[in-house]
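Survey of secondary and tertiary structure
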Amino acid sequence: MNAALWTIQIVLGLVFLAAGAMKATKTPDELKASAGESMGWVDDVSAGQVRTIGILEVLGGIGLILPPAIDVLPTLTPIAATGLVVTMLGAIVVHIRRKEYVPSVVVNAVLGGLALVVAVTRFGPQAF
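Here we summarise the structure given alongside this text. (Residues numbered from 1 in each chain as written. Predicted model: local features only at pLDDT ≥ 70, side-chain atom pairs only at ≥ 80, totals over all residues. Heavy atoms only, no water.)

Topic: the pattern of salt bridges
Taken as a whole and assessed by the stated rule, the structure comprises four salt bridges. Here lysine 32 and aspartate 43 are joined by a salt bridge, their closest N and O atoms 3.0 Å apart. With lysine 32 in helix α2 (residues 28–35) and aspartate 43 in the loop between α2 and α3 (47–70), this residue pair connects regions lying eleven residues apart in the sequence. On the basis of relative accessible area, lysine 32 is assigned to the partly exposed category, the value being 29%. The exposure class assigned to aspartate 43 is exposed, which follows from its relative accessible area of 51%. (Salt bridge = Lys/Arg side-chain N within 4 Å of Asp/Glu carboxyl O. Helix = DSSP H or I, 4+ residues; strand = E, 2+ residues; numbered from the N terminus. Buried < 20%, exposed > 50% of the residue type's maximum accessible area, 1.4 Å probe, protein only.)

Written out as structure tokens, the structure is:
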């Protein structure tokens, strides 16, 4: 179970690091040019909001991997995973409002679901 959970954490961490870095470093126009319609939502928010989302995704990705890997504050991992669940719920709402169901809502739901698995499992039964 631990190996499977680590695999999920690493994959999620890398996905959020990559997606977040892109949002944190590119302008909304560059995002739309590189990703097409899947980034059409950037028209609905400010450039600062896009950058903030990107930074939060980068921090969440780091939080999934680094604390348990170096055994420093591993309790940050389920907290980071919970933050990513909330982020994905927000993304789902945005995409539903824009009527972008497939693949946007589906991808966000899968990523959010995997982050939820990490959060619940890493918090452990003692948290409930």
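Considerations on the layout of surface pockets
Of the volumes computed, that of the largest pocket is approximately 590 Å³. In this structure, the largest pocket is lined by 24 residues; those nearest its centre are Lys23, Trp41, Ala91, His95 and Asn108. Looking at the lining of the largest pocket, the elements that each hand over two or more residues are α1 (2–25), α3, α4 (76–97) and α5 (101–123). It is α4 that contributes the most residues to the lining of the largest pocket, six residues altogether. (1 Å grid on protein atoms, 1.4 Å probe; cavity = no way out; pocket = protein on both sides within 12 Å on 5 of 7 lines; lining within 4 Å. Points joined across faces, edges and corners; volume = space filled by probe spheres on them.)

Structural notes on a nonpolar patch on the surface
Taken together, Ile55, Leu56, Leu59, Ile62, Leu66, Ile70, Val72, Leu73, Leu76, Ile79 and Phe123 make up a surface patch of nonpolar side chains, about 970 Å² in accessible area. At the level of elements, α3 and α4 are the ones that each hand at least two residues to the nonpolar patch. Tallying contributions element by element places α3 first for the nonpolar patch, with six residues. Phenylalanine 123 gets classed as partly exposed once you look at its relative accessible area, which sits at 31%. (Patch = residues over 30% accessible without salt bridge, like charges linked within 9 Å, V, L, I, M, F, W, Y side chains within 5 Å. Areas by Shrake-Rupley, 256 points an atom, 1.4 Å probe, with all protein chains shown as cover.)

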